[in-house]
Amino acid sequence: MLWIKNGRVLDPSSKTDGMLDVLLDGERIARVGPHLEAPGAETFDAEGLVVAPGFIDLHCHLREPGQELSETIETGTRAAARGGFTAVCCMPNTQPVNDNASVTRSIVERSAQSASVRVWPIGAASVGSKGEAIAEIAAMKAAGIVGVSDDGKPIATARLMRQVMEYADSLRLPVIDHCEDPSLFAGGAMREGAQALRLGLQGIPAESESIAVGRDVEMARLTGARLHIAHLSTQRSVEHVRRAKERGLRVTCEVTPHHFTLTDEDVRYDTRYKMNPPLALRDDRVALIEALIDGSVDAIATDHAPHHPASKEVEFDRAPFGITGFETALALGLSELVGKAKMPLMRLVELFTTGPARVLGIERKIAVGEPADLTLFSTTREWTFYAADSASKSRNTPFDGRAFQGGPIAAIVRGRIVSRL
Ligand SMILES: [Zn+2]
Ligand SMILES: [Zn+2]
């Protein structure tokens, strides 16, 4: 038994916000209430802390199998736990690609042996994520996938998207798309605009993303299937999603911490500012924050994309896209959204818990009988993030040395404390 005392319980599913104790018995929540008594139970004094349902990250790259120099399931999920996450969805662009049940099973087995948090694999939409033949989605679902995506690339054609949507929807899986028009994207290194001109880097127009979002929304209308847009980054994409939701389509989306924190003006000749989609313009960032607050965005997802130092220590236009993100996600939300943009704290918690859960078609709440997954965090702790101290194998983050107020304190998975500051 684990008795979490004196915390402020914030649960978006029931709109609970109060000083409550939570008692965990094995893998389930046994009791929730004011001033519980649990003699003999292990205690965790959560005075001054927020106790939230376990955070879910819909989008990360754990690099195992195949790229273990950059990350493994063990190191990646340790970083996730430190960031307060209790479950992470890992994208299929490993080596080999997770496009069949045997790769899915190996990820599930490796996770059972070495992961700190729950690992929910995403299966590839097409064989090898090549955009040609549809992958064995039903067999992967039986092995444990929770969604399908060709992340790293868009689902190549509208025709393939139609097939994938119809197939995935019959299996109650969301289709997650990395929205990008390859012909507009081609060779670009950062968002098109004044800063790209100043740096002499090839720009990627915002329409590379929004054209693909528009196509996908049309396909969601045609098929009636569930569509989730990964890492939304532009104002025009937000407009597409907002309109789709108004029309009652089953469309959801996520935004990353780096896109709601930084813009193209922050980019310099430093490959830690190179990610896909690229950092957008100031107006895009304003639109994303507005959409995060008003409910047009469903989840904050990290797109944690570790790269071994050697691969990032090259010229900007030759470096791979992507940055790490687990350990700074919550702190960036607290400072940029709750602190500066005045987002209610309950809404921020929703974006890490019930929001992503809904995308996956599950629930997330603090109630008797529910899984004992909890995230404890502080809104006041002053601390500085140093990449050198990260639990991840990689260091490619633009937030090295950033000072924060508030951040993760503990992650509890299946009733066990898997990370504690
Ligand atoms: Zn992507
Ligand atoms: Zn990704």
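Residues numbered from 1 in each chain as written. Chains lettered and ligands numbered in written order. Predicted model: local features only at pLDDT ≥ 70, side-chain atom pairs only at ≥ 80, totals over all residues. Heavy atoms only, no water.

With that out of the way, let us pick up the overall build of the chain. A tally of helices and strands in the chain yields 14 helices and 17 strands. Relative to its length of 421 residues, the chain is compact, with a C-alpha radius of gyration of 20 Å against a globular reference of 22 Å. The dimensions of the chain, computed from C-alpha atoms along their principal axes, are 65 × 45 × 45 Å. Going through the 421 residues of the chain one by one, you find that 61% of them count as buried. In the chain, once contacts between residues fewer than 6 apart in sequence are set aside, the share between residues at least 24 apart is 74%. Averaging the positions of the 48 positive and the 55 negative side-chain charges in the chain gives two centres separated by 2 Å. (Helix = DSSP H or I, 4+ residues; strand = E, 2+ residues; numbered from the N terminus. Rg over C-alpha atoms; globule rule 2.2 N^0.38 Å. Buried < 20%, exposed > 50% of the residue type's maximum accessible area, 1.4 Å probe, protein only. Contact = heavy atoms within 4.5 Å. Lys, Arg positive; Asp, Glu negative; His and termini not counted. Charge placed at Lys NZ, Arg CZ, Asp CG, Glu CD.)

In strand β8 (residues 118-121), alternate side chains face the same way, and those of Arg118 and Trp120 on one face and Val119 and Pro121 on the other are all buried. Bridge count between strand β7 (residues 85-90) and β8: four bridges; the pairing is parallel. Bridge pairing links Ala87 to Arg118 in β8. (Pairing = 2+ DSSP bridges.)

In this section: the coordination of the zinc ion (ligand 2). Around the zinc ion (ligand 2), the protein contributes the donor atoms His59 (NE2), His61 (NE2), Asp151 (OD) and Asp303 (OD), at 2.1 to 2.3 Å from the metal centre. Taken together, the four donor atoms coordinating the zinc ion (ligand 2) span angles of 84 to 169 degrees at the metal, a pattern that classifies the geometry as irregular. Donor residues for the zinc ion (ligand 2), ordered by position in the chain, follow H-x1-H-x89-D-x151-D. A distance of 3.4 Å spans the gap from the zinc ion (ligand 2) to the zinc ion (ligand 1), which Asp151 bridges by coordinating each metal. Judged on exposure class, the residue His59 and its partner His61 are both buried. (Donors = N, O, S within 2.8 Å, 3.2 Å for Na, K, Ca; no water. Tetrahedral: all angles 85-135°; square planar, octahedral: opposite > 155°, others 65-115°.)

Next up on the list: the coordination of the zinc ion (ligand 1). Distances from the zinc ion (ligand 1) to its protein donors, Asp151 (OD), His178 (ND1) and His231 (NE2), fall within 2.1 Å. Counting the intervening residues between successive donors of the zinc ion (ligand 1) yields the motif D-x26-H-x52-H.

Moving on, we come to the packing of helix α1 (residues 73-82) against helix α2 (residues 101-114). Two elements in contact, α1 and α2, have axes separated by 9 Å at closest approach and are oriented at 60 degrees. When you trace α1 past α2, the crossing you get is right-handed. Along the contact surface, α1 presents Ile73, Glu74 and Thr77, while α2 presents Ile107, Arg110, Ser111 and Ser114. For the contact of α1 with α2, the class distribution of residues is two nonpolar, three polar and two charged. (Axes fitted to C-alpha atoms, helices over the stretch in contact; angles between N-to-C directions. Left-handed = near helix turned anticlockwise from the far one by under 90°. Nonpolar A, V, L, I, M, F, W, Y, C, P; charged D, E, K, R; others polar.)

A few words on the sheet that holds strand β13 (residues 251-255). The four strands are arranged β9-β12-β13-β14 in an open sheet whose pairing can be described as parallel. One side of each edge strand has no neighbouring strand; the edge strands of this open sheet are β9 (175-177) and β14 (299-300). Sheet topology places β13 next to β14; two bridges connect them, and they run parallel. By the bridge assignment for β14, Glu254 is matched with Ala299.

To continue, consider the nonpolar core. Judged by nonpolar contacts, the single largest core of 91 residues is most densely connected at Val88, Ile229, Leu292, Leu348 and Phe377. In this structure, Phe377 is in contact with Leu49, Val50, Ala52, Phe55, Leu330, Leu334, Leu345, Val349, Gly407, Pro408 and Ile409, ignoring residues within four places of it in sequence. Judged by nonpolar contacts, the second largest core, of 18 residues, contains Val9, Val22, Ile29 and Leu376. (Core = buried A, V, L, I, M, F, W, Y, C linked by side-chain atoms within 4.5 Å.)

Let us look at the side chain of Asp57. Within the element layout of this structure, Asp57 appears in strand β6 (residues 55-60). We note that Asp57 is buried and unpaired, the nearest opposite charge coming from Arg364 at a distance of 12 Å. Among the polar contacts listed, one links the side chain of Asp57 to the side chain of Thr302, at a separation of 2.4 Å. When neighbours within four sequence positions are excluded, Asp57 is seen to be in contact with Phe85, Ala87, Val88, Cys89, Ala301, Thr302 and Phe326. (Salt bridge = Lys/Arg side-chain N within 4 Å of Asp/Glu carboxyl O. Polar contact = N/O pair within 3.5 Å; in protein donor to acceptor, adjacent residues only side chain to side chain.)

With that out of the way, let us pick up the sheet that holds β8. The strand order β6-β7-β8 describes an open sheet built from three strands, whose pairing is parallel. Because the sheet does not close on itself, it has two edges, and the strands there are β6 and β8. Direction aside, neighbouring strands of the sheet carry axes that sit 20 degrees apart on average.

Okay, the side chain of Ser111 next. Relative to the elements of secondary structure, Ser111 occurs in helix α2. Overall, the relative accessible area of 9% leaves Ser111 in the buried class. Side-chain polar atoms of Ser111 contact the backbone oxygen of Ile107, separated by 2.7 Å.

Tracing the backbone shows Glu382 in strand β15 (residues 374-385). Taking relative accessible area as the criterion, Glu382 reaches 64% and is therefore assigned exposed. Distance in space between the C-alpha atoms of Glu382 and Gly407 is 8.4 Å, their sequence separation being 25 residues. Apart from residues lying up to four places away in sequence, Glu382 is in contact with Phe404 and Gln405.

This structure, assessed with the given rule, holds seven aromatic pairs. Centroid distance Phe55 to Phe85: 6.2 Å. Interplanar angle 65 degrees. Geometry classified as edge-to-face. You can see Phe55 sitting in strand β6 and its partner Phe85 sitting in strand β7, a full 30 residues away along the chain. Stacked on the ring of Phe321, the Lys or Arg Lys274 has its end atom at 4.6 Å from the ring centre. (Phe/Tyr/Trp six-rings, centres within 6.5 Å; stacked < 30°, edge-to-face > 60°. Lys NZ or Arg CZ within 6 Å of the ring centre and 35° of its normal.)

Here we come to the pattern of salt bridges. Should their charged atoms come close, side chains of opposite charge can pair. By the definition in use, this model includes 23 salt bridges. Salt-bridge contacts for Glu64 lead to Arg110; the nearest nitrogen and oxygen are separated by 2.7 Å. Taken as a pair, Glu64 in the loop between β6 and α1 and Arg110 in helix α2 lie far apart in primary sequence, 46 residues in all. Among the residues examined, Glu64 registers a relative accessible area of 9% and is labelled buried. Between Asp373 and Arg118 there is a salt bridge; the shortest N-O distance is 2.6 Å. Of this pair, Asp373 sits in the loop between α14 (354-360) and β15 while Arg118 sits in strand β8, and the two are 255 residues apart along the sequence.

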